[in-house]
Structures are given as structure tokens and as C-alpha cells.
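Residue-level structural notes
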Amino acid sequence: MATLYLTEQGSKLRKTSKRLVVEKYGDTLLEVPAYGIDRVLIFGAVQISTQAISFLLESGIDVSFLSIHGRLKGKLTPVQSKNVFLRLAQYDRYKDEEFKPRIARSILEGKLKNQRTLILRYQRNHP
């Protein structure tokens, strides 16, 4: 699963043929074929053309908009997701009454184990 990260502030993502082009001040920073991309993450002040948005949605590629520090602002998701089988499996698990407590117990055990490890590491430097 390839992800395109756009972090260059002031750059612009546009579409040319079936390629995505990242430009800044008229210079091409990156040019990639869209067929290998599963999602695009846009950080901060990066522009995206309407043609690129339309192309990404038609290609089934998710676009996430994040702050410069990585806080999610919003997403563009195609109407039909590529992960239909994943969603079906998630719905099946949701209906499975035996799976719910088992997975909850596993999550809690992992959390408790990680908290214990954190406290023990902290204790080494702060007796």
C-alpha cells in the first residue's frame, strides 16, 4: 500500500494524464504514476487542483488533509472503497458476540502491559 505524503509548504498537487505532479514556484518537485498510490496525505499549506481531486476520487484513492503537525482536518473518500472485503469482515466481527469480549480483553492486556513497562522504565531514572 503506497502512500503519497505531501509536506512541502506552498507546493501544489495537480494531475497530468494519469500522473500526479507536485510543483512549487513552477518547478516540478515530484512526478509519479497514480496507479501505484493507495492514499494521499496532505500536510499544512499544500494546494490540490480540482482536476487532481476528481482524478483521485475516480481512481478510488483516499485524500486526507492534516495540519502541519499531523492533526487530521478531514478526508475525501471515494464513494466506492477499495476495501469492500475488509468492511465485510469488520461487519462480520461486529456481529460475532464471542469475538467482542475476546478482542476487548486482548486490548486491555496490551495496554496494561505497556503501562507497566512505561512505569518500570520511568522508575529507573526517577527512583
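Everything in this summary refers to the structure shown in the same document.

What counts, and where the lines are drawn
Residues numbered from 1 in each chain as written. Predicted model: local features only at pLDDT ≥ 70, side-chain atom pairs only at ≥ 80, totals over all residues. Heavy atoms only, no water. Patch = residues over 30% accessible without salt bridge, like charges linked within 9 Å, V, L, I, M, F, W, Y side chains within 5 Å. Areas by Shrake-Rupley, 256 points an atom, 1.4 Å probe, with all protein chains shown as cover. Salt bridge = Lys/Arg side-chain N within 4 Å of Asp/Glu carboxyl O. Helix = DSSP H or I, 4+ residues; strand = E, 2+ residues; numbered from the N terminus. Buried < 20%, exposed > 50% of the residue type's maximum accessible area, 1.4 Å probe, protein only. Contact = heavy atoms within 4.5 Å. Pairing = 2+ DSSP bridges. Core = buried A, V, L, I, M, F, W, Y, C linked by side-chain atoms within 4.5 Å.

On the surface, a nonpolar cluster with roughly 470 Å² of combined accessible area is contributed by Val84, Phe85, Leu88 and Tyr91. Mapped onto the elements of the fold, Val84 is located in helix H2 (residues 84–95). Looking at Val84, the relative accessible area reads 44%, which means it is partly exposed.

Glancing now at the side chain of Ser64. Mapped onto the fold, Ser64 is located in strand S7 (residues 62–66). Setting aside residues no more than four positions away along its own chain, Ser64 makes contact with Val40, Leu41, Ile42, Leu72, Gly74 and Lys75.

Bringing the pairing of strand S5 (residues 39–43) into the picture now. Counted residue by residue, S5 has four buried out of five residues, so it is predominantly covered. Note that strand S1 (residues 3–6) and S5 share four bridges and pair parallel. In the sheet register, Tyr5 faces S5, and the bridge partner there is Leu41. Where S5 lies against S7, five bridges are found, and the strand directions are parallel. What sits directly across from Val40, in S7, is Val63.

Here we come to the environment of Thr16. Assignment of secondary structure puts Thr16 in strand S2 (residues 12–16). When the C-alpha positions of Thr16 and Gly74 are compared, they lie 25 Å apart, and in sequence the two are 58 residues distant.

A few words now on the nonpolar core. In terms of nonpolar packing, the biggest core is built from 17 residues, with Leu6, Leu13, Leu20, Val40 and Leu56 touching the most fellow members. Going through the elements one at a time, S1, strand S3 (19–24), S5 and helix H1 (50–58) are the ones with two or more residues in this core. In terms of residue count, the dominant contributor to this core is H1 (three residues). Sequence-distant contacts of Val40, defined by excluding residues within four places in its chain, comprise Leu4, Leu6, Leu13, Leu56, Ile61, Asp62, Val63 and Ser64.

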